[in-house]
Structure formats: structure tokens, C-alpha cells
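# Structure at a glance
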Amino acid sequence: AGLRFGARVGSSRRSQLHPRRLIPEAARRMASDLSDLQAVDEGSISDNCRERYNRDEIYTSCGRLLIALNPYKRLPIYGVDAIGQYHGAMDRTALPPHIYAVAAAAYHGMVKEGKSQSVVISGESGAGKTETAKFFLEYMANVGKGAGTLHQKVLETNPVMEAFGNAQTALNDNSSRFGKFLKLEFTASGKMCGASLKTYLLEKTRVTDQGPGEQNYHIFYHLAAGSPPELRKQLGVPSAAGWSCLLGGEGASAHAQHHTQRFSDVAKALETLGLSDEHAKGVWAVTAAILHVSNLQLDSAGDGGCSIKDEGPLAIACRQLGLEQSQASEALTTRKIKVGAEVIPKPNTPAEAMQVRDALAKALFASLFEWLVRQINGSLKATSDAAAALAAQTGGGRKGEEAARFIGAVDVFGFESFPTNSLEQLCINFANERLQRLFVSAVFESAATIYANEGIEVPPIPFTDNQSVVTLIDGPAAAPGILQILSEECVLGNSSDTSFLSRVMQRFTVDKPSTAFARAKGKSDAFAIKHFAAEVTYNVAGFVQKNKDPLPVDLAMLLKFAKDKLVVELFNPPAPEETVAPGGGKAPRQFKSAKFVGVIDGFRTSLAELVRTLEATHTHFVRCIKPNLLKTASLYEREVSLRQLRTSGVVQAVHAARAGFPDRVPFDTIAHSYALLQPGYQPSKAVAGGKAGAEAVLKGAG
């Protein structure tokens, strides 16, 4: 996120790409592939990236790794012309490094080798992951499109997911506050025939609380400042001013001219994805209801309880959600306590009622987000099924070439470290640790194995293994990590953040000391973890409550049986598909009689499933780098960039690539380049590609 460059697919502006062999020698002194550098120390690598960045050459490669520097401006190197160049190139190594080159390698690897592929796009917040993922997706939608509309629907998922899942942060104007895995299925001939989207750990706390210089999710500003006046009048949202949950950041007025267009884009995307007018109206009504709920103010009452200061916002919210106002008011201001066999009401204090208010707002937004993802997946499935049926009727059905392969794109939240870090940052950084571990395995361990198998004598390849951090956070069943301890703590009746911290400190400083764990300096309510990127201190305040993620039963029941059809759908989701737990076996389902399943348990299960999926594919890696902290074009801050290059493993990856044979020519390039050396070579005869074709050509040439 944060990139502001590139022409969209379909742009008439011609992309300015030039084969490397046509670039003057003076401009080639800086290497487009880091393994070609004469010196491979971190300073030389950073200087190389700086020189290329100053020339607007933002991409640099190193084996199966692509480095992408955020230019913070538009560059004319994207669009259908550029896609055509990379897709049709016989030798893609002759073209400059590019996200399209990664996409082309994944696509051709899937089609020609028959192996599923994945691309992991990672980097710190503000490094450009969201925009990079967009360009990757545009390439796939362009080269894999068939006769149907599936490719267009895949593209239309972007404006919806950005509006409901992205927000302005202190580091990034368009930060993804969730992780996603987009799976694109293809036929044997390379036509897109299916797609699905899986999301991870939406940051719900942002709905009610934003830090200094930060904003709520984009959709609230699009609706309040950019929707048609008649819709805002119906929803009781006259403007973007005056909402308690929209006080952070610059405010909607700073980008008012964009919100009308953005709202229109989202509305059009929802229509393309097949949402009915009724459902679309419901989406806007629920979004507006969250704004009204956030404006509820609580006063102290004489009985030690509380009362709602002004029920006007509650009345509007209840009308939009299909709730009885009196019942909703009671559920906010009182709670039920079981005493023996009797259930009695107990007044909430103002602070307790505000927690209930915030829980309601977060539950509404999270349920709406999850519902939208289900609608997207349903639309994509319906489109692919319709295309399959049509193809079968015309004799070109998928039965003969069923989708047995896919290309997956992972776009996850970047590594985060703030003055105060909580459970959200721990989960985000743990996801980055798991993907870093995958990178280590794919780039370093696999390289060592290949060199050994091919009899290439190389010195030991040094690399930083972060397995100790992974097991510290999420250990095996016999040695539980921090997340398992949190889950266990939430089951206990007297659980608290203090008791959780006490158990964590005892285990990792006394019972089973970990080199990746540290005491927080000068803080009694925190601990620190030595991540691969940096040491981060986590304040445990709110850990237990966030993992329980409680919505009072009374409110939950009101929402389940609301008069509004969409609200009923939001709070009565279909039963989850059976999944595999992190340690193997079936993941627990959240029945009333089942063991407590918190937010963390679902996250661990989903993340473990994602890693297993990626491990079964041929994985490509894109490391996005932010060249400065000011989000400014044409500014390369050496220390900022160098820190990211160092901690992400780029420097070590260059050493790994150079340790053996750094030049790895594609099989097709070998086959076509040396075919003429074969006895009886006929220029008019097609040359077989792939590994078999390359072997045949080399054997024939002696």
C-alpha cells in the first residue's frame, strides 16, 4: 500500500520498457540482478538499489526474489503493452526486473511444468505491498482471461477489499489492515477457471479507536463524504464531521475530492460482483449504523449504573439494523448475572456500557467484512461454474482439463513496531515470522540441498534462522508458546492480563528460557520479542479481553433475530468448513458445549493452513521496500532502506545465489538458443520446450 504509480490495464499510455541488452553500457554499471554485483556487502547492495531508484528503476532481482522500492509516484511501466512484452518474451531475462516478470514466471511455470505456484508479497507497512499485488493480479487477469467475466470480477474485488479493509496509518495512506490469500485456478491451457479469497485477522479495534495521525477504514469516509446526498439523508449521515470514530488522521476533508469517485467505484464493484440492490442498501445501512453507534454517550445513573445521554443516534441505528430500541438500550446499559438457578439484571457502569458499545460496533463491522468476503467468493464460484457449464455444452468442457493447478498471491500486513504494541501487532509480526521462515526454507535451505545434489562444492551458506522466534510464539503441543498460553489463560475463570504475563515470564525466562524472549526494559506490564526485523515490546493490557472478543449474549441474540434480513445473515453465518488444526487433526468448532475457541485459535489454524498450502507450491518472493519515512518521491534514505534489506534476508539471499551457479537460464531459453546446433536442425520445425526439450537439444548438440 502507499504506491501511487502505474497505468491501469487498458491504458492507452505506452509503457516504457527496454530490453537490458539495449541499455547503454554506462547505465548497466549498476546490476539489475544483485548476484551480478562485484561486491555483495550490504553497502554495495544498498548503493545499487539507490542508483536504480534514482533512475526510476524500482525493481531489482536476485534469483527467485524481487526487490520492489516504493516510488511514491506514477511510473509509465505498466499496462497491457508491458504485460504483452513479459508474457510473450522468449527470454524474460533480457527484460528489466518487474512484478510482471514474477507473474510471468509463475504463470509459465504453472502451464509448462504443471506445478501450482505462489507469490508472497511482503514488507513493512507503507512499502507498497497492496499496489504490487494489484499489478500482479492485473497481469493474471489479462493473460488468463477466457470468454466469461471471471477475470473482471477478480479485478473488482480490489476496490471492495480496499474500502472495507484498508485505512490510513501513521506510516501508510492505504494500509491493509488484514491479510489475504487470493487463489486463482487455471485449466491446463492456462485459462482462469476459478478463484477464491481467504482473509486473515481483520484489525477490529480500528473501528472504535485510532492512534495519533491515523484514520478509520476508508469506507466510512467514502460513505460520509462521497455518497449521493439522497442516500446520506436516508442514512442520517449529513457529512463526515461529528462522528466519534472518525476523529483521527487528517479527516475526510483532506481528500474530499476523491471520496465521491471512490464510493462510486465500490458501488460499481458490488454491482459487478452480483450484489442485489437490497443487499447493497443493507451494506450502506450497516456501515452508517456503526457511525451512529459510535456517537452514543453514557451518563452515570443514581443506582451506580448508567443511562444513554441522547437516544437519537441509537434510534437511527436501531432503525437501520432492524432492532427494537428499548431492547437495544437495555442490552447496552445492563447485563445478566446468573445467581444459582436465577438470572438477574445488573446495571452497567458508564465504562462497562462503553465497552459494550464498542463491542457492538466492532462486531457489526467484522461481520459485514466477513459477509462481503463470502459474497465475493460466491460470485466468483458462480461465474466459474457458469463458464464450465457453457464450455461443456459447446464441447470444450473442463472435464478433460479440470483445474488441478493454481497460482496464489499472499498479501499480508507488514511488520509493525509502534511506541505501544498490543495483541494485534503480535499477530501481525507472527504472520511475518512464519512467512520469513518459509523464505529461509525456500531460498537458503533449498539452495544448499540443490548444490549438494548437483555436486557443487560451496562453503556453508550463512543465514539467520528465525525458527526460535516462531516456536516462542506458537510452539508445539508439548512446548506451548505465547499464543497457546494466552488461549489457556482465557479458559480460566479468573484469567487476567497480569496472570497471563506472569505465566509467560515464568516459562520463557525460568522454565524454558528462550534466546528470542526478553524482559521489557523499565516496564512491568510488557514483554519483548527479538523478531527477525527488530526487537518489539508488547504491552499486555487488553490481551485476554481481545482474545475472548466478547459480545454480550443479549445483544448477540437481538442481532441474530433482527428484523433486517442482512443483519440476520451477518450474525447467522454458515457453518465453517472443516479445517486442520496447527498441530494436525481437525480444528475445533465453536459449539456451545465445545472448548473455548478464541480469536487466536482461529488465526493460528488459518495461518498454519496457509503455510501448508504455500509449501506445496513453487514459491516466488517479492520484498517491498520503503525508501524513506516521509512517503516522498525521489528520496532514498540509506539507513531506512538498508535496515529493511538487512532484516528481510536480502543480503544473505545474494550470498546464497552467488555461492553456486548464479546464472540459472530457463529451459525454454536453452532449447531455443542451442537448437540450431543439432544435426538436421530445421528452422521451420517447432522446438520442444521445458526441461525435456532442453535436455534433448543439449544431447543432440553433443
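Residues numbered from 1 in each chain as written. Predicted model: local features only at pLDDT ≥ 70, side-chain atom pairs only at ≥ 80, totals over all residues. Heavy atoms only, no water.

### Details of the confidence of the model for the protein
Averaged over every residue, the pLDDT of the protein is 85; the share at 70 or more is 86%. Per-element confidence in the protein is highest for strand β14 (residues 526-530), whose mean pLDDT is 98, and lowest for helix α22 (residues 650-659), whose mean pLDDT is 73. Counting interchain partners and residues more than four positions distant, the pLDDT-below-50 stretch residues 18-28 has 13 contacts. (pLDDT = per-residue confidence, 0-100. Helix = DSSP H or I, 4+ residues; strand = E, 2+ residues; numbered from the N terminus. Contact = heavy atoms within 4.5 Å.)

### Overview of the pattern of salt bridges
This model, assessed by the stated rule, comprises 29 salt bridges. Here arginine 50 and aspartate 47 are joined by a salt bridge, their closest N and O atoms 2.9 Å apart. On the criterion of helical spacing, the pair formed by arginine 50 and aspartate 47 is a turn pair, its members being three residues apart in helix α1 (residues 42-54). With relative accessibility at 26%, the residue aspartate 47 sits in the partly exposed group. For the salt bridge of arginine 503 with glutamate 488, the shortest nitrogen-to-oxygen distance reads 2.7 Å. In this pair, arginine 503 sits in helix α16 (residues 497-511) while glutamate 488 sits in helix α15 (residues 482-491), placing the two residues 15 residues apart along the sequence. The exposure class assigned to glutamate 488 is partly exposed, which follows from its relative accessible area of 35%. The network of salt bridges with shared partners includes Arg177, Glu203, Arg206, Glu214 and Glu416. (Salt bridge = Lys/Arg side-chain N within 4 Å of Asp/Glu carboxyl O. Buried < 20%, exposed > 50% of the residue type's maximum accessible area, 1.4 Å probe, protein only.)

### Digging into the pairing of strand β12 (residues 405-411)
Burial runs high along β12: seven of the seven residues are buried. Here β12 shows no split at all, with Arg405, Ile407, Ala409 and Asp411 on one side and Phe406, Gly408 and Val410 on the other all buried. Sheet analysis places strand β3 (residues 117-123) next to β12, joined by five bridges and oriented parallel. Across the sheet, residue valine 120 finds its bridge partner in β12, namely valine 410. (Pairing = 2+ DSSP bridges.)

### Points about the packing of helix α9 (residues 277-294) against helix α10 (residues 312-321)
Where α9 contacts α10, the axes come no closer than 8 Å and their chain directions differ by 160°. With respect to α10, the element α9 is oriented roughly antiparallel. Remark: the crossing between α9 and α10 carries left-handed chirality. Judged by residue contacts, Ala285, Val286, Ala288, Ala289, His292 and Val293 of α9 engage Pro313, Ile316, Ala317, Gln320 and Leu321 from α10. Of the residues assigned to the contact of α9 with α10, the class counts are nine nonpolar, two polar and no charged. (Axes fitted to C-alpha atoms, helices over the stretch in contact; angles between N-to-C directions. Parallel < 35°, antiparallel > 145°, perpendicular 65-115°, else oblique. Left-handed = near helix turned anticlockwise from the far one by under 90°. Nonpolar A, V, L, I, M, F, W, Y, C, P; charged D, E, K, R; others polar.)

### Some words on the sheet that holds β12
Here seven strands make up an open sheet; going across it, the order is β1-β2-β16-β3-β12-β6-β7 and the pairing mixed. The two strands at the open ends of the sheet, each matched to only one other strand, are β1 (59-62) and β7 (192-200). Here the average twist between neighbouring strands, direction ignored, is 15°. Bridge analysis of strand β6 (residues 179-186) against β7 gives eight bridges, and the strand direction is antiparallel. Its bridge partner being in β7, phenylalanine 186 is matched across the sheet by methionine 192.

### What about the packing of α1 against helix α21 (residues 638-647)?
For the pair α1 and α21, interaxial distance at closest approach is 10 Å and the crossing angle is 120°. Here α21 runs oblique to α1, going by the angle between their axes. Judged by the twist between their axes, the crossing of α1 over α21 is right-handed. Contact residues: Glu42, Gly43, Ile45, Ser46, Asp47 and Cys49 in α1; Arg638, Leu642, Leu645 and Arg646 in α21. Here the contact of α1 with α21 is built from residues that sort into four nonpolar, two polar and four charged.

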